[in-house]
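# Structural features, examined
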Amino acid sequence: MSGPFSSPFPSPSSSPSPLSRRGFLAATGALSLAATLSACGGDGGSTTGSSAKPVGQADIDKAMKTPTQLTFWTWVPNIDKEVALFEKKYPAVKIKVVNAGQGTPEYTKLRTALKAGSGAPDMVQIEYQAIPTFTITGSLLDLRPYGASALKSTFVDWTWGQVSGSGGEIWAIPQDAGPMGMLYRKDIFDRHGIQVPTTWDEFAAAARTLHKADPDVYLTNLAANQVAAWHGLLWQAGAKPYVTSGKSDITISVDDTVSKKLGQYWGALAKEGVIGVEPDFTDSWYAALNKGKYATWLTGAWGPAFLSGSAKATAGKWRAAPLPQWDAAKPSAGNWGGSTTAVIRSTKNPIQAAVFAQFLNSDPASARMFTTEQFFFPATKTLLAEASFLGDTPAFYGGQKVNQVFADISTQVNPAFQWPPFLDRVATDWTETVGKSLADKTDTVRALGTWQSRITTFAKGQGFTVEGG
């Protein structure tokens, strides 16, 4: 993290403390596609791609008994506890854990090391949305030859889709997730006779009713700096803003019919002044949550743990529910947050590194520890069905089984959603167009067209063949 909440996407892969919940994609200087591929796509002594041959179990066993030191870049606090489980099982392999920064700082350092041809780690913490940025440069190791395919059924389908390539590659192993739901102030709802909205039409009506009844209170805040929330809402609505094919073909559709529906909806609520649009993860935003300025927070599954540490004055007043739906007969959800463990293609010890990535996130004890030590929302099917996890009744949420709510939501996330290989630029352009329109209460639908145009121009300038723009 380059500063408190200075990057566009918050990450659940950190402690619940407000000062360590942020992280996103490296905002480094843009290289042309050709230059990036030549700079970062070195051989690394490893075999990747669809033609890679499986590594035999005998070779894996031998490698795991060979004295080896691996370097792991991660921002996850106290992850040494999970690493210790791995080292206990494989005592010959030692892991050097390095906090290279969360999100942007880590990705920036990684790009620099890859370009220089030295200094890159063996394994790296990487968010779902950042994976295409590094696969386009050939920087990640395809984990299929090392047995990763056998883990597919271990993880929720949509999380596995996030780490899988169009050619069947497995670029990383899921660690946690952030299916989106709605946290709401039950006391405020009860005071004003508001029912929990199940559709977006009901949500809009509730926003108008609440703000009319109490001009100091808003139903929610759609932060004008929060491109992550926008993407999560696009995801829920069934949008396909980015569809990639191969290394250089991409369809960009951020101002299509679905996107315009969102633009018209949220733009209208912002213009009416019945929702807040202030930047989130700021001192004023924290104060607003604590004093009851906002009656809901649309957030990822990491939100409940985060909120309980950030809005302590409101303990016992919050509850959780699914997001309102565009079509109540076809419930769907988006995702905001989550990260993985990937292996850098240049590693000199691909077997050990691949085994580590798999063990860290699929070993039952290690995976469970992430939920109890770091309060992550799990990506494994076993944990999402575990009675002790689902049955947790935190007092902050009035004894509600919040984990059960988000576990149910997790089954409704569309596995087909894709991210572009230049999301840093996408985020910047969104903030300067769509986000600005919300803040300024101007035409959000028109801003979508400007965003589409800017992304398209950038992509073409990087050597991509672009459709839809």
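Residues numbered from 1 in each chain as written. Predicted model: local features only at pLDDT ≥ 70, side-chain atom pairs only at ≥ 80, totals over all residues. Heavy atoms only, no water.

## Side note on the overall build of the protein
Put simply, the rule is: Put simply, DSSP H or I for four residues or longer makes a helix, DSSP E for two residues or longer makes a strand, and each gets a number counted from the N terminus. Throughout, exposure labels follow a simple rule: accessible area from a 1.4 Å probe, protein chains only, divided by the maximum for the residue type, with under 20% read as buried, over 50% as exposed, and the rest as partly exposed. The contact rule is simple, with two residues in contact once any of their heavy atoms fall within 4.5 Å. For accessible areas, the Shrake-Rupley method is used with a probe of radius 1.4 Å. Any residue's cover is judged against the shown protein chains and nothing else.
When helices and strands are tallied, the protein shows 19 helices and 11 strands. The buried share of the protein, taken over its 469 residues, is 58%. Within the protein, residue pairs in contact and separated by at least 24 positions form 77% of the contacts whose partners lie at least 6 positions apart. Accessible area for the protein stands at about 17600 Å²; split by element, carbon and sulfur atoms hold 52% of it.

## Digging into helix 11 (residues 283-291)
What counts here: In this description, one arc is meant: the one made by directions from the helix axis to the C-beta atoms.
All buried positions along helix 11 are accounted for by Trp285, Tyr286, Ala288 and Leu289. Down the axis of helix 11, the buried set is contained in an arc of 160 degrees. They therefore lie on one face. In helix 11, the exposed residues that point more than 90 degrees away from the buried face are Asp283 and Lys291. Of the surrounding elements, those touching the buried residues of helix 11 are strand 5 (181-185), strand 8 (296-299), helix 12 (303-310) and strand 9 (318-322). Once helix 11 ends, the next one or two residues include Gly292, with phi positive near 85 degrees.

## Here's the deal with the sheet that holds strand 5
As a reminder, the rule being used: Note on pairing: DSSP must find at least two bridges between two strands before they are called paired. For helices, the fitted line uses only the C-alpha atoms of the stretch in contact; every axis is such a line through C-alpha atoms, and the angle between N-to-C directions lies from 0 to 180 degrees.
Taking strand neighbours across the sheet as the criterion, the three strands line up as 8-5-9 in an open arrangement whose pairing is antiparallel. Two strands in the sheet have a free side with no partner beyond their single neighbour: strand 8 and strand 9. Adjacent strand axes in the sheet meet at a mean angle of 25 degrees, parallel and antiparallel pairs treated alike. Pairing of strand 5 with strand 8, which is carried by four bridges, proceeds in the antiparallel orientation. Among the inter-strand pairings, Tyr184 is bridged to a residue of strand 8, identified as Thr296.

## Details of the packing of helix 3 (residues 80-89) against helix 13 (residues 350-362)
Definition in use: Reported orientations rely on four angle classes, namely roughly parallel under 35 degrees, roughly antiparallel over 145, roughly perpendicular from 65 to 115, and oblique for the rest. Throughout, a crossing is termed right-handed when the near helix is turned clockwise from the far one, and left-handed when it is turned anticlockwise from it by less than a right angle. Residue polarity is assigned by list, with Asp, Glu, Lys and Arg as charged and Ala, Val, Leu, Ile, Met, Phe, Trp, Tyr, Cys and Pro as nonpolar; anything else, Gly included, falls into the polar class.
With their axes 10 Å apart at the nearest point, helix 3 and helix 13 run at an angle of 125 degrees to one another. Classified by the interaxial angle, the pair formed by helix 3 and helix 13 is oblique. Note that helix 3 runs across helix 13; the crossing there is right-handed. Two secondary-structure elements touch here, helix 3 through Glu82, Val83, Leu85, Phe86 and Lys89 and helix 13 through Gln352, Val355, Phe356, Phe359 and Leu360. Along the lines of polarity and charge, the residues of the contact of helix 3 with helix 13 split into seven nonpolar, one polar and two charged.

## Re the side chain of Gln125
Heads up, the condition is: Polar contact is defined as a pair of N or O atoms within 3.5 Å, subject to the rule that within protein one atom must be able to donate a hydrogen and the other to accept it, and that residues adjacent in sequence are counted only when both atoms are side-chain atoms.
Mapped onto the elements, Gln125 comes out in strand 3 (residues 123-127). Overall, Gln125 belongs to the buried group, its relative accessible area being 0%. Engagement of the side chain of Gln125 in a polar contact is seen with the side chain of Thr74, the distance being 2.8 Å. For Gln125, the side chain forms a polar contact with the side chain of Gln175, separated by 2.9 Å.

## Here we look at the sheet that holds strand 6 (residues 242-245)
The mixed open sheet is built from three strands, whose spatial order is 6-7-11. Edge strands, defined here as strands with exactly one partner in the open sheet, are strand 6 and strand 11 (465-467). Put simply, the sheet's adjacent strands are angled 20 degrees from each other on average, direction ignored. Sheet topology note: the strand 7 (residues 249-252)/strand 11 ladder contains three bridges and is parallel. Of the residues in strand 11, the one forming a bridge with Asp249 is Thr465.

## Quick look at the environment of Gly398
Within the fold, Gly398 resides in the loop between helix 16 (387-390) and helix 17 (402-410). The class of Gly398 is partly exposed, set by a relative accessible area of 46%. With sequence-adjacent residues up to four places away left out, Gly398 is seen in contact with Gly316, Trp318 and Arg319.

## What about the side chain of Thr296?
Looking at where Thr296 falls in the secondary structure, it is placed in strand 8. In this structure Thr296 comes out as buried when scored by relative accessible area, which is 1%. A distance of 3.0 Å separates polar atoms of two side chains, one belonging to Thr296 and the other to Thr220. Beyond its immediate sequence surroundings of up to four residues, Thr296 is in contact with Met182, Leu183, Tyr184, Phe189, Phe203, Leu219, Thr220, Asn221 and Trp318.

## So, the packing of helix 2 (residues 57-64) against helix 13
Close contact between helix 2 and helix 13 brings their axes to 9 Å; oriented N to C, the two are set at 90 degrees. In terms of orientation, helix 2 and helix 13 fall into the roughly perpendicular class. The residues of helix 13 that touch helix 2, namely those facing Asp59, Ile60, Ala63 and Met64, are Ile351, Gln352 and Val355. Counted by class, the contact of helix 2 with helix 13 contains five nonpolar, one polar and one charged residues.

## Details of the confidence of the model for the protein
For the record, the criterion: pLDDT is defined as a per-residue confidence score from the predictor, taking values between 0 and 100.
Looking at the protein as a whole, its pLDDT mean stands at 90, while 89% of the residues score no less than 70. Contacts of residues 1-51 to residues separated by more than four positions or lying in other chains number 170 contacts, the stretch itself having pLDDT below 50.

## Some remarks on the environment of Lys271
With respect to the secondary-structure elements, Lys271 resides in helix 10 (residues 257-272). Spatially, the C-alpha atoms of Lys271 and Thr444 are 9.6 Å apart, while their sequence positions differ by 173 residues. With sequence-adjacent residues up to four places away left out, Lys271 is seen in contact with Lys441, Thr442 and Asp443.

## Notes on the packing of aromatic side chains
We describe a pair of aromatic rings using the distance from one ring centre to the other and the angle between the two ring planes. Rule in force here: Stacked, tilted and edge-to-face pairs are distinguished by plane angle, under 30 degrees for stacked and over 60 for edge-to-face with tilted covering the rest, among Phe, Tyr and Trp rings (Trp via its six-membered ring) whose centres lie within 6.5 Å.
This model, assessed by the stated rule, comprises 40 aromatic pairs. Ring geometry for Trp297 versus Phe306: centroids 5.7 Å apart, planes at 50 degrees, classification tilted. You'll find Trp297 and Phe306 in the same group, each marked buried. With centroids separated by 6.4 Å and ring planes inclined at 70 degrees, the aromatic side chains of Phe377 and Phe406 adopt a geometry described as edge-to-face. Residue Phe377 is found in the loop between helix 14 (364-373) and helix 15 (381-384), and its partner Phe406 is found in helix 17; the two are separated by 29 residues along the sequence.

## Description of unusual backbone geometry
Even without being a glycine, Phe281 presents a positive backbone phi close to 55 degrees. Tracing the backbone shows Phe281 in the loop between helix 10 and helix 11. The phi angle at Lys441 is positive, at roughly 60 degrees, despite the residue not being glycine. By secondary structure assignment, the location of Lys441 is in the loop between helix 18 (423-440) and helix 19 (444-461).

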